[in-house]
Amino acid sequence: MENDWQVRSRFFERLETMGPLTFGEFMQEALIGPYGYYTARARIGGAEADFFTAAGSPLFGYTLANRIVQAWRDFAVDGPLRLVELGPGEGKNAVHMATRLLQLLPDEIPLSIVLVDPSEALVRRQKSLMEDFVFGLAENDRRRLTIAWETLPLRGEGDVVVVANEVLDALPVERLRKEKGWQRMMVKADGPDGLLTYWEAAPNQLAQLANRFLPIQEGTSAELCPQMHSFFESVGGMGNRVRALFIDYGITTEEWRSGIRPSGTVRAYRNHEICDVLEATPWCDITADVNWDHAFDAASAAGFTISPLKTQGSFLMEWGIMDVVSHLAESSSSEDNARTLSPTFEPQAARYAGQIKQLVFPGGMGERFLVMECEKV
Ligand SMILES: C[S@@+](CC[C@H](N)C(=O)[O-])C[C@H]1O[C@@H](n2cnc3c(N)ncnc32)[C@H](O)[C@@H]1O
């Protein structure tokens, strides 16, 4: 197994052979290419990691399970509940959701979970976590639960619920500058471990997309995800009827227009701090705010009806996060389960206050993160 430095030099060697890349191509390479961050070094959740996500808290996954069971009831068929999680990361959220879904669903209803992640390293961690989880299940639950790993595009029949937490923000974006028309950022290797960037005229298709979704001022820059439409198309193809939940941070057309982000929103995280995208690559997570209007347009083109965005805080309150706290505090077996999965798990209801604060309150993720719910019938 190669160390971090060896992986980094391979990453740069590979970039050199690839020649100049658009920023989007570079971001794809830097995240999910053979030596990219998610492929080789992803560290999600915990003090030793690069960033925290809501997936570390059982309160999040248990509350999502409440919403998912309602979606399954709305399908109004007594068939299996089919759940797809996109970009499950370390896999904790999948375990939390599965734990609660098995409790909430009638005993005879099978639960099928499909996990989709381009990172082989994360898939290995998900598999190991899932193995332990399944091992600890009662016989009947073990029999009715199936877990599988798939890759995109994932074509399916029947009814399916899709969940994706902090995945849209990881899709590659092109950086664009508005200056006498549209220019896109290019990235190229500069020596054995350096990168340089320059701007060139954006191709027509990208310029047209920018005209529609980036109402920014002359001389400023922003970004767009060219894969947005194909991504939602592939989510739409996962079943005949699809209910999908995307939880993420994002930016609206009005915010772009207001000029509050004159250099766009692309940023990188390492050791819980914002770092320089070009210097820290491939040892950092690269992310950009989701352009909600673009995402709505893409979902709608893929046949989805989209509900108005909700804040994560109001969504979690609506779907019973406070009841989840009471349930977890009362149920010692669930506590044991969650404690095994989450080293920061604390057993008493009062001790959940920190997690509620983080997930629901405006100062934490409560307002910054939004929930996009859509359905295709
Ligand atoms: C920011 S992490 C979020 C992980 C997890 N959902 C959580 O909340 O902790 C992004 C996840 O999306 C995955 N990912 C990146 N690009 C993806 C794509 N095109 N399709 C599906 N998953 C993707 C990454 O491998 C990673 O698991």
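Everything that follows concerns the structure shown earlier in this document.
Residues numbered from 1 in each chain as written. Predicted model: local features only at pLDDT ≥ 70, side-chain atom pairs only at ≥ 80, totals over all residues.

A. Focus on the overall build of the chain. In terms of helices and strands, the chain carries 16 helices and 17 strands. Within the span of the chain, comprising 377 residues, buried residues form 46% of the whole. Sequence separation of at least 24 residues holds for 76% of the intrachain contacts in the chain that already meet a minimum separation of 6. (Helix = DSSP H or I, 4+ residues; strand = E, 2+ residues; numbered from the N terminus. Buried ≥ 20, exposed ≤ 12 C-beta atoms within 10 Å, placed from the backbone. Contact = placed C-beta atoms within 7 Å.)

B. Inspection of helix α8 (residues 204-213) at higher detail. All buried positions along α8 are accounted for by L209, A210 and F213. All buried residues of α8 fall inside an arc of 100° around its axis, so they share one side. More than 90 degrees from the buried face of α8, the exposed residues found are N204, Q208, N211 and R212. Its buried side turned inward, α8 meets β6 (174-178), β7 (182-189), β9 (221-224), β14 (290-291) and α12 (292-301). (Arc of directions from axis to C-beta.)

C. A look at the packing of helix α9 (residues 228-236) against α12. For the pair α9 and α12, interaxial distance at closest approach is 8 Å and the crossing angle is 45°. The orientation of α9 relative to α12 falls into the category oblique. For α9 against α12, the interelement crossing comes out right-handed. Residue-level inspection shows M228, H229, F231 and F232 of α9 in contact with α12, the latter providing H294, A295, A298, A299 and A301. A breakdown of the residues in the contact of α9 with α12 according to their chemical character gives seven nonpolar, two polar and no charged. (Axes fitted to C-alpha atoms, helices over the stretch in contact; angles between N-to-C directions. Parallel < 35°, antiparallel > 145°, perpendicular 65-115°, else oblique. Left-handed = near helix turned anticlockwise from the far one by under 90°. Nonpolar A, V, L, I, M, F, W, Y, C, P; charged D, E, K, R; others polar.)

D. Broad picture of the site of the ligand. In the neighbourhood of the ligand, 21 residues make up the surrounding shell, with T53, A55, G87, G89 and N165 lying closest. Its residues assigned to classes, the shell around the ligand comprises 13 nonpolar, six polar and two charged. (Near = placed C-beta within 6 Å.)

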